[in-house]
Amino acid sequence: MEFDIISQAKTPILEALWQCATRINHAPFYTPGHKRGEGITQQLVNYFGKAIFSADLPELPELDNLFAPQGIIQEAQELAAVAFGAEKTWFLVNGSTCGVEAAILATCGVGDKIILPRNVHNSAIAGLILSGAVPIFIAPAYDPVLDIAHSITPEAVAAALAEHPDAKAVLMVYPTYYGVCGDLSAIAAVVHQHDIPLLVDEAHGSHFAFHPELPTPALASGADLSVQSTHKVLGAFTQASMLHVSGNRIDRDRLNKSLQLLQSTSPSYLLLASLDAARQQMALYGEELMAKTLRLADEARNRISQIPDLSVLHLPAKSSGFVALDETRLTVTVSGLGIAGFEADEILHQELGVTAELPSLQNLTFIISLGNTVADIERLVEGFAVLAERFNQESQKSKVKSQNQFGIPNSPLTPREAFFAPTETLPFHQTRDRISAELICPYPPGIPILMPGEIITSEALEYLQQIQASDGYITGCTDPSLTQLKVVKK
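Residues numbered from 1 in each chain as written. Predicted model: local features only at pLDDT ≥ 70, side-chain atom pairs only at ≥ 80, totals over all residues. Heavy atoms only, no water.

The secondary structure content of the protein chain amounts to 16 helices and 19 strands. A compact globule built from 490 residues would reach a C-alpha radius of gyration of about 23 Å, and the protein chain, at 23 Å, matches this within 12%. For the C-alpha atoms alone, the extent of the protein chain along its principal axes is close to 70 × 55 × 45 Å. Evaluated residue by residue, the protein chain yields a buried proportion of 57% over its 490 residues. Expressed as a percentage of contacts within the protein chain between residues at least 6 apart in sequence, the contacts between residues at least 24 apart total 72%. Carbon together with sulfur atoms contributes 51% to the accessible area of the protein chain, which is approximately 20,600 Å² in total. The average position of the 32 basic charges and that of the 53 acidic charges among the side chains of the protein chain differ by 4 Å. (Helix = DSSP H or I, 4+ residues; strand = E, 2+ residues; numbered from the N terminus. Rg over C-alpha atoms; globule rule 2.2 N^0.38 Å. Buried < 20%, exposed > 50% of the residue type's maximum accessible area, 1.4 Å probe, protein only. Contact = heavy atoms within 4.5 Å. Areas by Shrake-Rupley, 256 points an atom, 1.4 Å probe, with all protein chains shown as cover. Lys, Arg positive; Asp, Glu negative; His and termini not counted. Charge placed at Lys NZ, Arg CZ, Asp CG, Glu CD.)

Quick look at the structure:
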């Protein structure tokens, strides 16, 4: 993609913020309380220096207003829209979470139906609770050998819309946490036949627009709205994200008001400036940076795939829920070593200086981005070589197996109804066939195993126990030990 280099070289928020941070003969009688770093503790100075605190500023007149931008924020968002292929872009300081929630609020109200995959991020469930929308879940395509859920399919979306023609929107995840991309263009065509918007959780795909070997960006494939975590794979600060819109199926005024409900009224200009700078970096140097990143990923994939008893996720010859793969996302299956992914992750992290993004029962997933180096790849490959050598005795190998948890359970209540319903707490093993009042999921990736309103199945309970026994990290439960669960009162 080619850009107007002169325009894209600008960083309006970053420049204005630096000018405010470095001005002299100025007495600040506004928030934050540390007053441009003068009030921070010496420990903070020792650890991080003082300059960044001088730029921790509120919405001064020179810095525009995130909720009614007319100056530098408006200019920066317009530059981002061009760079990422959108008609309009909003900067997000509360992460992609608030973007997904706002997308649902902007398209659905109480009682409205929305079609979405069962393996959505918990932010989508929060959006259902906030909006009162009724979820129509679709089971994603599933690889039982690798225990990986992929994308929903065009056929499944078409069937759901035929059964629920009154649905107000469809939401899909593209790519998944594993870098798997479904047939978004075909899904968009199906959705648009019903003249409703296709919303895309593209949190892990903000780099797609900047290299031809990467999957096609969501908007370019026909999505009406996409939410991207600019911080996840590009150079923005953690929590800094963007929401992009194209076409006329999204009520932009309602979307803007939804974001005002969800975003902080004290947005961090450090986050906003990092979005501005990350956009400039990718517009000017994105293809070069992504080419380097792809080379590093190919090196890691090729070398690790040659280590005995390890395999890496690759694009299958034919799969309706898996039509493209983000090659910068590396998923290594370690169950052939006879150990769970959580155990492998612990060894790599604590002993070998290698930290994965996502451990699961059978796999470890790594994000290879523009910030990684050749030395990082060497350490990664060496770490797996050590791991394979340690568990190379055949007698130790017992294939780790898990069960598909992305079927569609019975949901007597909507997530919102269950969230606000009276509850009681029961011993873990007495909750089978009761209605869950909690949103419980391993994190990452933040995909719920139980959500408010669903009937608790024995399979879900067994899976949670399996995750816990394998030292996985489970969030959302009132009792972290999982000895009790909260359910809706009968």
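Another point: the nonpolar core. Core analysis: the biggest nonpolar cluster contains 67 residues, and I13, L63, F91, V157, L161, L184 and L198 have the highest contact counts within it. Breaking this core down by element, the ones donating at least two residues are α2 (12-22), α5 (72-84), β3 (134-138), α8 (154-163), β6 (169-173), α9 (184-193), β8 (198-201) and α12 (269-304). Considering each element in turn, this core owes the most residues, twelve residues, to α12. Not counting the four nearest positions on each side in its chain, L63 is found in contact with A16, L17, C20, L57, P58, I72, I73 and Y269. Membership of the second largest hydrophobic core comes to 32 residues, among which are I104, V120, A124 and F137. (Core = buried A, V, L, I, M, F, W, Y, C linked by side-chain atoms within 4.5 Å.)

Once that is clear, we can look at the environment of Q430. With respect to the helices, strands and loops of the structure, Q430 is situated in the loop between β16 (423-427) and β17 (441-442). Spatially, the C-alpha atom of Q430 lies 44 Å from that of S305, the residues being 125 residues apart in sequence.

On to the packing of aromatic side chains. Evaluation of the coordinates by the stated rule reveals six aromatic pairs. Ring geometry for F84 and F210: centres 5.2 Å apart, planes at 90°, overall edge-to-face. Of the two residues, F84 sits in helix α5 while F210 sits in the loop between β8 and β9 (225-228), which places them 126 residues apart along the sequence. Among the residues examined, F84 registers a relative accessible area of 4% and is labelled buried. Three or more aromatic residues joined by ring pairs make a cluster, and in this case those are F3, F84 and F210. Here the guanidinium or amino end of K88 rests over the ring plane of W90, the centre of that ring lying 5.0 Å away. Here the guanidinium or amino end of R118 rests over the ring plane of F137, the centre of that ring lying 5.9 Å away. (Phe/Tyr/Trp six-rings, centres within 6.5 Å; stacked < 30°, edge-to-face > 60°. Lys NZ or Arg CZ within 6 Å of the ring centre and 35° of its normal.)

With that out of the way, let us pick up α8. For the α-helix, the turn length of 3.6 residues means that residues three or four positions removed from each other point alike. By the burial criterion, the buried members of α8 are P154, V157, A160 and L161. For α8, the arc enclosing every buried residue in end-on projection is 125°, short of the 170-degree limit, so these residues lie on one face. Structural note: α8 exposes E155, A162 and E163 on the side pointing more than 90 degrees away from its buried face. Residues of α8 that are buried make contact with β2 (113-117), β3, β6 and α9. (Arc of directions from axis to C-beta.)

So, about a nonpolar patch on the surface. Taken together, the side chains of Y47, F48, I52 and F237 present a nonpolar region at the surface, about 450 Å² in accessible area. Its place among the elements puts I52 in helix α4 (residues 51-54). (Patch = residues over 30% accessible without salt bridge, like charges linked within 9 Å, V, L, I, M, F, W, Y side chains within 5 Å. Salt bridge = Lys/Arg side-chain N within 4 Å of Asp/Glu carboxyl O.)

This part covers the pattern of salt bridges. Throughout the structure, instances matching the rule amount to 16 salt bridges. Linking R252 and E87 is a salt bridge whose minimum nitrogen-to-oxygen distance equals 2.6 Å. Residue R252 is located in helix α11 (residues 252-262), and its partner E87 is located in the loop between α5 and β1 (88-92); the two are separated by 165 residues in the primary sequence. Among the ionic pairs, E299 bridges to R303, the shortest N-O distance being 3.2 Å. With E299 and R303 both in helix α12, this residue pair falls four residues apart, about one helical turn. Residue classification places R303 among the partly exposed residues on the basis of a relative accessible area of 27%. One continuous salt-bridge network, built from bridges that share partners, spans D195, D224 and R249.

A separate point is the sheet that holds strand β15 (residues 363-367). What the four strands build is an open sheet, ordered β11-β13-β15-β14; its pairing is antiparallel. What marks the edges here is a single partner per strand, and that holds for β11 (311-312) and β14 (358-359). Examined bridge by bridge, β14 and β15 share two bridges and lie antiparallel to one another. Among the inter-strand pairings, P359 is bridged to a residue of β15, identified as L364. Helix-sheet contacts for helix α13 (residues 341-352) involve β14 and β15, and the interaxial angle to β15 is about 50°. (Pairing = 2+ DSSP bridges. Axes fitted to C-alpha atoms, helices over the stretch in contact; angles between N-to-C directions.)

Most of β15 is tucked away: five of the five residues are buried. Across the two faces of β15 the burial is the same, with N363, T365 and I367 and L364 and F366 all buried. Between β14 and β15, which follow one another and run antiparallel, lie three residues.

On to the environment of L450, then. Mapped onto the elements, L450 comes out in the loop between β17 and α16 (458-469). Along the sequence, L450 and M282 sit 168 residues apart, while their C-alpha atoms lie 38 Å from each other. Setting aside chain neighbours within four positions, we find L450 in contact with R118, S436, E438, L439, I440, I456, A460, L464 and L485.

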